[in-house]
Amino acid sequence: MGGISARGLPRASLVTLAALLAIAGVCWWYLFDMAAGMSAMSGGGSMMLREWTPVYFVMMFVMWSVMMVAMMVPSAAPMVLLYRQVARTNKLARETLGTGLFCAGYFVLWTLFSLVAATLQWRLEEWALLSPMMRSQSVVLSGIILIGAGLYQFSSLKQACLKHCRGPLFFITRHWRPGLSGAFKMGIIHGAYCVGCCGALMALLFVGGVMDLLVIAALAVIVLLEKTIPGGEWLAKGVGVTAIVMGIVVIASA
């Protein structure tokens, strides 16, 4: 797999790991706070679809962006730590700034993904396919998303992207770019592979609920396990089978 254990890491890498976990923690706090607010509104019977004004679109875009950071930081940590170690050991870039630029490039891709996701949410609500809780209220839509995401788990694109995400050393040796601009470009490249690996899974949020914390946490764990445990490729296919079966059952029950 090529991951890195926290044991034996240099102090600088431990600081980086702590910073990543702190960022993820703040993002999760934001999600908990937002979900609590939605739950309170729903309990009071005042939950309804909101008009998609420019301000509301920006708010949803920010929500998606924060959610992606919360979900993806744990699985991206091994790659970030390996980048820092290689840059530090070989003096190939200013390690601290380079690591920050690597992370920035990585999240540029997930920010673009969040823009697409917020736009899709807007259109689905306009078509009356999402409930006020940001969950699909169409059996057909739910079934199509489940089956589509399940089939994608078996695609060659998914497997190729997962290979890069599971192998930090493999990625570093194939895509190393020198200097600070190289760090940012490497982050973008890794982000592209990561979106290719996990983007379809994120579509399941529309089925389970965009702000359902259990669904968000479950997908984050699946992403982490796919990328880090031995046999993660088989886990990905197992998730695919499960999603396909669930999609067929959902449509058949309509």
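All residue numbers refer to positions counted from 1 along the written sequence of the respective chain. Local features are withheld for residues below a pLDDT of 70 in this predicted model, meaning they are given only at 70 or higher, and side-chain atom pairs are given and counted only at 80 or more; totals for whole chains, interfaces and linings count all residues. Computation of side-chain values covers all heavy atoms of the structure but excludes hydrogens and water.

(A) Quick look at the environment of Ala 24. In this fold, Ala 24 is placed in helix H1 (residues 11-43). With relative accessibility at 5%, the residue Ala 24 sits in the buried group. Along the primary structure Ala 24 and Val 66 are separated by 42 residues, whereas in three dimensions their C-alpha atoms are 8.9 Å apart. Helix numbering and strand numbering both begin at the N terminus, where a helix is a DSSP run of H or I of at least 4 residues and a strand a DSSP run of E of at least 2. Each residue's exposure class comes from its accessible area (1.4 Å probe, protein chains only) as a fraction of the maximum for that residue type: buried when under 20%, exposed when over 50%, partly exposed otherwise.

(B) Layout of helix H10 (residues 232-252). Here the expected span of a helix is defined as 1.5 Å times the quantity of residues minus one. Between its first and last C-alpha, H10 extends 30 Å over 21 residues, near the 30 Å set by a 1.5 Å rise per residue. Taken residue by residue, H10 has Gly 232, Ala 236, Val 239, Gly 240, Ala 243, Ile 244 and Gly 247 as its buried positions. Projected down its long axis, H10 carries its buried residues within an arc of 135°, all on one side. Projecting away from the buried face of H10 at angles above 90 degrees are the exposed residues Trp 234, Val 249 and Ala 252. Tucked into the core, H10 has its buried residues touching helix H4 (139-152), helix H5 (156-166), helix H7 (179-202) and helix H9 (213-228). This arc corresponds to the set of directions leading from the helix axis out to the C-beta atoms. Contacts are assigned to residue pairs with any non-hydrogen atoms lying within 4.5 Å of each other.

(C) Expanded view of the nonpolar core. Among the nonpolar cores identified, the biggest contains 72 residues, and Met 67, Trp 110 and Met 202 are the most heavily contacted of them. Of all the elements, helix H2 (residues 54-90) adds the most residues to this core, at 22 residues. Sequence-distant contacts of Met 67, defined by excluding residues within four places in its chain, comprise Leu 31, Leu 205, Val 210, Met 211 and Ile 216. Note on terminology: a nonpolar core comprises buried Ala, Val, Leu, Ile, Met, Phe, Trp, Tyr and Cys residues joined through side-chain atoms within 4.5 Å.

(D) Molecular detail of the packing of H5 against H7. Where H5 meets H7, the closest approach of the two axes is 8 Å, and the angle between their N-to-C directions is 125°. Between H5 and H7, the interaxial angle falls into the category oblique. You can see that H5 and H7 cross each other, and the crossing is left-handed. Residue-level contacts link Lys 158, Cys 161, Leu 162, His 164 and Cys 165 of H5 to His 190, Tyr 193, Cys 194, Gly 196, Cys 197 and Leu 201 of H7. Residues are grouped as follows: Ala, Val, Leu, Ile, Met, Phe, Trp, Tyr, Cys and Pro are nonpolar; Asp, Glu, Lys and Arg are charged; all remaining types, including Gly, are polar. Considered class by class, the residues forming the contact of H5 with H7 number seven nonpolar, three polar and one charged. Structural elements are reduced to axes, namely lines fitted to C-alpha atoms, with helices fitted over the stretch in contact, and the angle between N-to-C directions of any two is expressed from 0 to 180 degrees. Any angle from 65 to 115 degrees is called roughly perpendicular, while one under 35 is roughly parallel, one over 145 is roughly antiparallel, and all others are oblique. Note on convention: the crossing is left-handed when the near helix lies turned anticlockwise from the far helix by less than a right angle, right-handed when the turn is clockwise.

(E) Spatial organisation of the pattern of salt bridges. The working definition used for a salt bridge is a side-chain nitrogen of Lys or Arg within 4 Å of a carboxyl oxygen of Asp or Glu. Taken as a whole and assessed by the stated rule, the structure comprises five salt bridges. Across the salt bridge formed by Glu 95 and Arg 88, the nearest N and O atoms sit 3.8 Å from each other. Using a relative accessible area of 42% as the deciding quantity, one classes Arg 88 as partly exposed. Linking Arg 135 and Asp 212 is a salt bridge whose minimum nitrogen-to-oxygen distance equals 3.4 Å. With a gap of 77 residues between them, Arg 135 in the loop between helix H3 (95-126) and H4 and Asp 212 in the loop between helix H8 (205-208) and H9 connect regions that are remote in the sequence. One continuous salt-bridge network, built from bridges that share partners, spans Arg 84, Arg 88 and Glu 95.

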